[in-house]
Amino acid sequence: MTKCMISWSSGKDSAWLVHVLRTRTDVAIAGLLTTINEDAQRVAMHAVRTELLEAQAASLGLPLWKVPIPSPCSNEIYQRIMGEAVRGLVADGFTHMAFGDLFLADVRLYREQQLAGTGLTPLFPLFGADTPLLAREMIASGLRARITCVNPKILDRSFAGREFDAALLADLPTSVDPCGERGEFHSFAYAGPMFRQPIPIDNGIVVERDGFVFADLTAPTASILQFPNQ
């Protein structure tokens, strides 16, 4: 079996990626890798608090590899930091890294180019998915996610903090991809068949920063649980 690292964003597509790969007999998921804004101590782009990220990893039963990056972060600095992380993965015996990309060919090509010759082979198990169908399949499976980030140039700010459910899909403008693949929105997955148990969350406040609208998800007081080893 290949030793595989998941490129983990904390969102629904990453969660679904874990679910799909766990049905395969040729892949052993051995960790989650997430870039962290080192100043804010939040998941880069999604702005999810690290304590919620850690709760996800605990509920998934997988080790978490946090890669701190500065903010702002130039492409040169990002590539240097990620190059160091990739070398660390290869040294630890990882052979593959899986991504939850759905249909953006340029993003896939970039990842393939960055990993070429490193010793890590990229996997794209969800690529080419019919995203309207995929979104409905995720919801029907029991996957639960909350919208953490909205691009207000594309989608109304009122979607920040909403549940990723059938009602949300019905309310999305036809120009918006149902999975938010073009960056229209990002999510935080907190329950579903890939998790041992749900992660309690509250929406917190909604803030606008750097041109995006964020629902600052929080854990209810004393609710970040220590998940038992199973």
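For the structure itself, consult the block above.
Caption draft 1: Representation of the overall build of the protein chain within the structure. Across its full length, the protein chain carries six helices and ten strands. Each principal axis of the C-alpha atoms in the protein chain carries an extent, and together these give about 45 × 40 × 35 Å. For the protein chain, with 230 residues in total, the buried portion stands at 46%. Within the protein chain, residue pairs in contact and separated by at least 24 positions form 70% of the contacts whose partners lie at least 6 positions apart. Total accessible area on the protein chain is roughly 10,600 Å²; 52% of this is exposed by carbon and sulfur atoms. Of the side-chain charges in the protein chain, 20 are positive and 25 negative, and the distance between the mean point of each set is 3 Å.

Caption draft 2: Representation of the pattern of salt bridges in the model. Using the criterion set out here, one finds 13 salt bridges in the structure. Residue Asp26 pairs with Arg24 through a salt bridge whose shortest N-O separation is 2.9 Å. According to the relative accessible area criterion, Asp26 is partly exposed, its value standing at 36%. A relative accessible area of 31% means that Arg24 is categorised as partly exposed. Across the pair Arg162 and Asp171 runs a salt bridge, and its minimum N-O distance is 3.0 Å.

Caption draft 3: Local environment of the packing of aromatic side chains. Summed over the entire model, instances satisfying the criterion amount to five aromatic pairs. Arranged with centres 6.5 Å apart and planes meeting at 50°, the rings of Phe212 and Phe214 form a pair that is tilted. Exposure remark for Phe214: the relative accessible area of 7% places this residue in the buried category. Through successive ring pairs, a cluster of aromatic residues spans Phe99, Phe124 and Phe127. Here the basic side chain of Arg108 rests over the ring of Phe127, its NZ or CZ set 4.9 Å away from the ring centre. Against the face of Phe214 rests Arg209, its NZ or CZ located 4.7 Å from the ring centre.

Caption draft 4: Summary view of helix H3 (residues 75-91). Between its terminal C-alpha atoms H3 stretches 24 Å, which fits the 24 Å expected from 17 residues at 1.5 Å a residue. Every buried residue of H3 is listed here: Ile81, Met82, Gly83, Ala85, Val86 and Leu89. Check the buried side of H3 and you find it contacts strand S1 (2-7), strand S2 (27-37), strand S4 (64-69), strand S5 (96-98) and helix H4 (105-115). Looking one or two residues beyond H3, the residue adopting positive phi is Gly93, at roughly 95°.

Caption draft 5: Spatial organisation of the pairing of strand S8 (residues 185-191). Counting buried residues along S8, seven of its seven residues qualify, which places the element largely inside the surrounding structure. In this structure, strand S7 (residues 144-150) lies alongside S8, joined through six bridges in antiparallel fashion. Across the sheet, Cys149 pairs through a bridge with His186, a residue of S8.

Caption draft 6: Focus on unusual backbone geometry. Omega for the peptide link from Ser71 to Pro72 comes to 0°, which places this bond in the cis form. Counting through the fold element by element, Pro72 comes out in the loop between S4 and H3. Positive phi outside glycine occurs at Ser10, with the angle close to 90°. Relative to the helices and strands, Ser10 is located in the loop between S1 and helix H1 (12-21). Look at Gln41: it is not a glycine, yet its phi comes out positive at around 55°. Turning to its location among the elements, Gln41 is positioned in the loop between S2 and strand S3 (42-43).

Rules used throughout
Residues numbered from 1 in each chain as written. Predicted model: local features only at pLDDT ≥ 70, side-chain atom pairs only at ≥ 80, totals over all residues. Heavy atoms only, no water. Helix = DSSP H or I, 4+ residues; strand = E, 2+ residues; numbered from the N terminus. Buried < 20%, exposed > 50% of the residue type's maximum accessible area, 1.4 Å probe, protein only. Contact = heavy atoms within 4.5 Å. Areas by Shrake-Rupley, 256 points an atom, 1.4 Å probe, with all protein chains shown as cover. Lys, Arg positive; Asp, Glu negative; His and termini not counted. Charge placed at Lys NZ, Arg CZ, Asp CG, Glu CD. Salt bridge = Lys/Arg side-chain N within 4 Å of Asp/Glu carboxyl O. Phe/Tyr/Trp six-rings, centres within 6.5 Å; stacked < 30°, edge-to-face > 60°. Lys NZ or Arg CZ within 6 Å of the ring centre and 35° of its normal. Expected span 1.5 Å × (residues − 1). Pairing = 2+ DSSP bridges.

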